[in-house]
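Geometric and topological summary
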Amino acid sequence: MSKSQKNKRRVLFVGQAYYNTWYLSRALRKLGWKADVLNWDSSVASQGFYHGEDFKFEYNHARLREWEHLWFYFKSLFRYDIFHFSNAHGIVFGYLLHDLIIKWGFPAYSEIKLLKKLGKKIVYSNNGCLDGVSQTSFRTWPTWNQEPVCDSCIWRNNPDVCSDERNLAWGKLRNSFADYQVNNGGNRLDYNDDPRVHDVPEFYCLDPDFWNPDLSIPDKFRLSYPAETAKIYHAVGNYDLRTDTETKHNIKSTHIYIPLIERLKAEGYPIELIFAKDIPGKDVRYYQLQSDIVVDMLTFGLFGANVREAMMLGKPAVCYLRPSWLDSMRREIPEYVDELPVISATPDTVYDVLVDLIRHPAKREEIGQRSREFALKWHSAEAGSKRFDQIYSKLLTQNR
């Protein structure tokens, strides 16, 4: 690598993606990158999901903050060569600055278009089912019983959150900016059917020391259950927002797990449910760590942060693994699928899966050990930094 290329190893993560960008940036620094994180999120509720930032936009005294945000943006043009954004509708330097640009009479997203004109590289991380895919297309993705997964989602009839028009408009805009897009086996229809979209599980990374199986549990988080009790952990972030008030259905399958656990208890199995909702991200690990089995979505077809955290803590995890999701991942990273220790289950099979795990503690331990090894290989901050060192370096050599 030439000296000029080394001098341009500078990336700014513009916006948070849970804690992933924080740990990825820290690990990239160890490889010689200038890697910083900007937290522009104004939501107080979201802050509990983040583990750190180098810069944070404030929003009180809006007129003053507009100029502060603008000044930060202009400085970043000289300080970074790669700008890595995350989350649907999140290719902005905060909405205060975005709105200021429009108020001044410039076309929307002029601040991002300037990055492109200056030759900066833009990377984007996808964050889910409504990111670049219409609801109509997503509903066609095969499920375990051929019923659309969207039927379990509270947002299906809320066009302000998810609709064909909104999702596709965002996908078109997103694709017009991004030089490289990070996915994790998501639906590859509509604007996700693009050669710049890649499955990169290493982006969704964790700190192995923070999620350590040998972590000491503070007294205030300790649960008192008999040693023979099999503790089953289930969690839903923003539970009230994501759960139908009438049917109690949500995409995380809570409406399936709660009666199932009650049935198993009535049948005499020594089990307890650890149900976590809206617990700060830095605390929830203590409850995960005390569990024996982690259970997650039974209809969606893939997994997210809860299962990745469970694996890093050495816990066996259960969720539905959609065959089409596995096929999508296998096309680009077959070894990820071949090594994946997550136990697949559907609403029809989850009873038998849980009974088997409850009855066989040694099996749980063996799967847990493989889960930790898998997480270290694919979802550790070190693995993420090595992968993105390659991705970013290749981007910087393009069009030179």
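Summarised in this report is the structure supplied together with it. (Residues numbered from 1 in each chain as written. Predicted model: local features only at pLDDT ≥ 70, side-chain atom pairs only at ≥ 80, totals over all residues. Heavy atoms only, no water.)

Our next topic: the environment of Tyr 204. Locating Tyr 204 in the fold gives a position in the loop between strand S7 (197-199) and strand S8 (230-236). Assessed through its relative accessible area of 10%, Tyr 204 is described here as buried. Spatially, the C-alpha atoms of Tyr 204 and His 379 are 6.2 Å apart, while their sequence positions differ by 175 residues. Reaching out from Tyr 204, the side chain makes a polar contact with the backbone oxygen of Asn 126 at a distance of 3.0 Å. (Helix = DSSP H or I, 4+ residues; strand = E, 2+ residues; numbered from the N terminus. Buried < 20%, exposed > 50% of the residue type's maximum accessible area, 1.4 Å probe, protein only. Polar contact = N/O pair within 3.5 Å; in protein donor to acceptor, adjacent residues only side chain to side chain.)

On to unusual backbone geometry. Its identity as a non-glycine residue notwithstanding, Tyr 18 has a phi of 50°, on the positive side. As for its placement among the helices and strands, Tyr 18 is situated in the loop between strand S1 (10-14) and helix H2 (20-30). Looking at Tyr 18, the relative accessible area reads 37%, which means it is partly exposed. The phi dihedral of His 61 is positive, around 55°, even though this residue is not glycine. Along the chain, His 61 turns up in the loop between strand S3 (55-56) and helix H3 (62-79). According to the relative accessible area criterion, His 61 is exposed, its value standing at 57%.

At their nearest, the axes of helix H14 (residues 350-359) and helix H15 (residues 361-378) sit 5 Å apart, and the two run at 100° to each other. Accordingly, the angle class assigned to the pair H14 and H15 is roughly perpendicular. Only Pro 361, Lys 363, Arg 364 and Ile 367 of H15 make contact with H14, whose side of the interface consists of Asp 356, Leu 357, Ile 358 and Arg 359. (Axes fitted to C-alpha atoms, helices over the stretch in contact; angles between N-to-C directions. Parallel < 35°, antiparallel > 145°, perpendicular 65-115°, else oblique. Contact = heavy atoms within 4.5 Å.)

The next subject is the side chain of Gln 16. For Gln 16, the location among the structural elements is in the loop between S1 and H2. The buried category is assigned to Gln 16, whose relative accessible area is 4%. A distance of 3.1 Å separates a polar side-chain atom of Gln 16 from the backbone oxygen of Gly 52. Excluding its chain neighbours within four sequence positions, the residues that come into contact with Gln 16 are Thr 21, Val 37, Leu 38, Asn 39, Tyr 50, Gly 52, Glu 53, Ser 86 and Asn 87.

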